[in-house]
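What follows is each chain in one-letter form.
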Amino acid sequence: MNGLTLSEFCCIFCCPPFPSRIAAKLAFLPPEPTYSFNDDSTTTKCTITLTDKAEWQYTEREKENIEGFFARTSRGNRIACLFVRCTTNARFTILFSHGNAVDLGQMSSFYLGLGSRINCNIFSYDYSGYGVSTGKPSEKNLYADIDSAWHTLRTRYGISPENIILYGQSIGTVPTVDLASRYEVGAVVLHSPLTSGMRVAFPNTKRTWFFDAFPSIDKVPKVTSPVLVIHGKEDEVIDFSHGVAIYERCPRPVAPLWVEGAGHNDVELYQEYLERLRRFVSVELVN
């Protein structure tokens, strides 16, 4: 997320109908697609072809554990979805909303590795305008995208809400909080969350303006599921204070993970990251 220019600052205060443009500039950085699907159907299973930029870390045989397909959103976009079968005896499936500068191809190795280590299957999707998903990134599309992913996961795979963990990372915490404020699920993980767009752009913002984008801080109090907040204490993109503020507003928080020395994009490299997720999934949610 970047700072605003003077003209954009004036626009957001003088022309409130246009905050979506500011939000798009602040939040969405879709990369060149790192994958393709071999079938344009919206219902059948597709195999995924990864480019070198996806940096797939496993064998071709393990790629057979990944099922790709398209789903349609309420706003008319077609979003790419992946179901990654990481284990044969998973109780929980993670609905993962990724960060702002990656797509499903780049995340596929991470999903397989994470799921196999914490004994969960992982379902993910590309936002409108990301990867091979159609449309353009926007706040409204973000909410429609996760709604489509949620209903697809429920109907296509028959997974009950109590067995779904919503996981959002960075900008992905925005649709995650929105969905979790409307549905009770097994649990929620908020990884490097932001409180709102204005609070990222202008750290001294103390209230939510009516034109603010991504107002997660006002939606978190409506989340009735257990919430694990994870944040690097040296985060240079979304300040650590955002994670603390989100944690303090959660009705059912569990012990958070504040990672000493971690920034915005390297929390997963710290040993305590996997340890905390394992304990959350296999101990705290089971007992």
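Residues numbered from 1 in each chain as written. Predicted model: local features only at pLDDT ≥ 70, side-chain atom pairs only at ≥ 80, totals over all residues. Heavy atoms only, no water.

Details of the overall build of the chain
Reasoning step 1: A count of helices and strands for the chain gives nine helices and ten strands.
Reasoning step 2: Residues classed as buried in the chain amount to 55% of the 287 residues present.
Reasoning step 3: Considering only intrachain contacts with a sequence separation of at least 6, the fraction spanning at least 24 residues in the chain is 68%.
Reasoning step 4: Just so you have it, the chain exposes about 12500 Å², and 49% of that area is on carbon and sulfur atoms. (Helix = DSSP H or I, 4+ residues; strand = E, 2+ residues; numbered from the N terminus. Buried < 20%, exposed > 50% of the residue type's maximum accessible area, 1.4 Å probe, protein only. Contact = heavy atoms within 4.5 Å. Areas by Shrake-Rupley, 256 points an atom, 1.4 Å probe, with all protein chains shown as cover.)

Side note on the nonpolar core
Reasoning step 1: Judged by nonpolar contacts, the single largest core of 42 residues is most densely connected at Leu-95, Phe-123, Leu-166 and Phe-214.
Reasoning step 2: Taken together, the elements giving at least two residues each to this core come down to strand S3 (66-72), strand S4 (78-84), strand S6 (120-125), helix H4 (139-157), strand S7 (164-169), helix H5 (173-180), strand S8 (187-191) and strand S9 (227-232).
Reasoning step 3: Per-element tally for this core: the top contributor is H4, with seven residues.
Reasoning step 4: Core analysis: the second largest hydrophobic core is formed by 41 residues, Ala-54, Leu-112, Ile-118 and Leu-274 among them. (Core = buried A, V, L, I, M, F, W, Y, C linked by side-chain atoms within 4.5 Å.)

A short note on the packing of aromatic side chains
Reasoning step 1: Tallying each qualifying case throughout the model produces 18 aromatic pairs.
Reasoning step 2: Aromatic pair Phe-69 and Phe-123: ring centres 6.1 Å apart, planes at 35°, arrangement tilted. Within this pair, whereas Phe-69 is found in strand S3, its partner Phe-123 is found in strand S6, the two being separated by 54 residues in sequence. The exposure classification of Phe-69 matches that of Phe-123, with both residues buried.
Reasoning step 3: A ring pair is formed by Phe-83 and Tyr-157, whose centres lie 4.2 Å apart and whose planes are at 20°; its orientation type is stacked. Of this pair, Phe-83 sits in strand S4 while Tyr-157 sits in helix H4, and the two are 74 residues apart along the sequence. As far as burial versus exposure is concerned, Phe-83 and Tyr-157 are alike and both buried. (Phe/Tyr/Trp six-rings, centres within 6.5 Å; stacked < 30°, edge-to-face > 60°.)

Concerning the pattern of salt bridges
Reasoning step 1: Overall, the coordinates contain eight salt bridges when judged by the stated rule.
Reasoning step 2: A salt bridge links Asp-178 to Arg-182, with the nearest nitrogen and oxygen atoms 2.9 Å apart.
Reasoning step 3: Residue classification places Asp-178 among the buried positions, given a relative accessible area of 9%.
Reasoning step 4: Judged by its relative accessible area of 39%, Arg-182 is partly exposed. (Salt bridge = Lys/Arg side-chain N within 4 Å of Asp/Glu carboxyl O.)

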